[in-house]
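Residue-level structural notes
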Amino acid sequence: MLPGLKGMQLVSGSISLVHVDDVCSAQIFLMENSAAQGRYICSPINTSVPQLAQYLSKRYPQYNVPTQIEDVPETPKVNISSKKLVESGFSFKFGIDEIYADAVEYFKTKGLLN
């Protein structure tokens, strides 16, 4: 997974995160909003692989997440903005804690994590 995230950061400038439930809610919100037009960015979190590794290492020490990440910048070079979506009246319900809590729980149910 780490090589994929590093590649994503190198190509796009950051790692952008959003909870799948927020994506679904945003889609419904925009479909029900007659004033909505054009494209919308739906990502409240911009981070880097090193920052993400530090967060995961502290939050989930039992998984021994490596924190010495090379070959990618320490901070995101690009921060994409969901300003248009938020200014339309949408509010995100999930932050990074909930995103990873739900992901870890899902991986546990599938036997991918202990």
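So, a few notes on the structure that sits alongside this text.

Scoring rules and cut-offs
- Residues numbered from 1 in each chain as written.
- Predicted model: local features only at pLDDT ≥ 70, side-chain atom pairs only at ≥ 80, totals over all residues.
- Heavy atoms only, no water.
- Core = buried A, V, L, I, M, F, W, Y, C linked by side-chain atoms within 4.5 Å.
- Buried < 20%, exposed > 50% of the residue type's maximum accessible area, 1.4 Å probe, protein only.
- Helix = DSSP H or I, 4+ residues; strand = E, 2+ residues; numbered from the N terminus.
- Contact = heavy atoms within 4.5 Å.
- Phe/Tyr/Trp six-rings, centres within 6.5 Å; stacked < 30°, edge-to-face > 60°.

Counting 15 residues, the largest nonpolar core has Ile 15, Leu 17, Val 49, Leu 52, Leu 56 and Tyr 100 as the members making the most contacts within it. Only β1 (15-17), α3 (49-59) and α5 (96-109) provide two or more residues apiece to this core. The element contributing the most residues to this core is α3, with five residues. Setting aside chain neighbours within four positions, we find Leu 56 in contact with Pro 61, Val 65 and Tyr 100.

Inspection of the entire model under this criterion finds five aromatic pairs. Taking the centre distance of 6.3 Å and the plane angle of 55° together, the rings of Tyr 55 and Tyr 100 count as tilted. Pair noted here: Tyr 55 is in helix α3 and Tyr 100 is in helix α5, with a separation of 45 residues, a long-range link. The class for Tyr 100 is buried, based on a relative accessible area of 15%. Aromatic pair Phe 90 and Phe 92: ring centres 5.1 Å apart, planes at 90°, arrangement edge-to-face. Taken together, the ring pairs connect Phe 29, Phe 90 and Phe 92 into an aromatic cluster.

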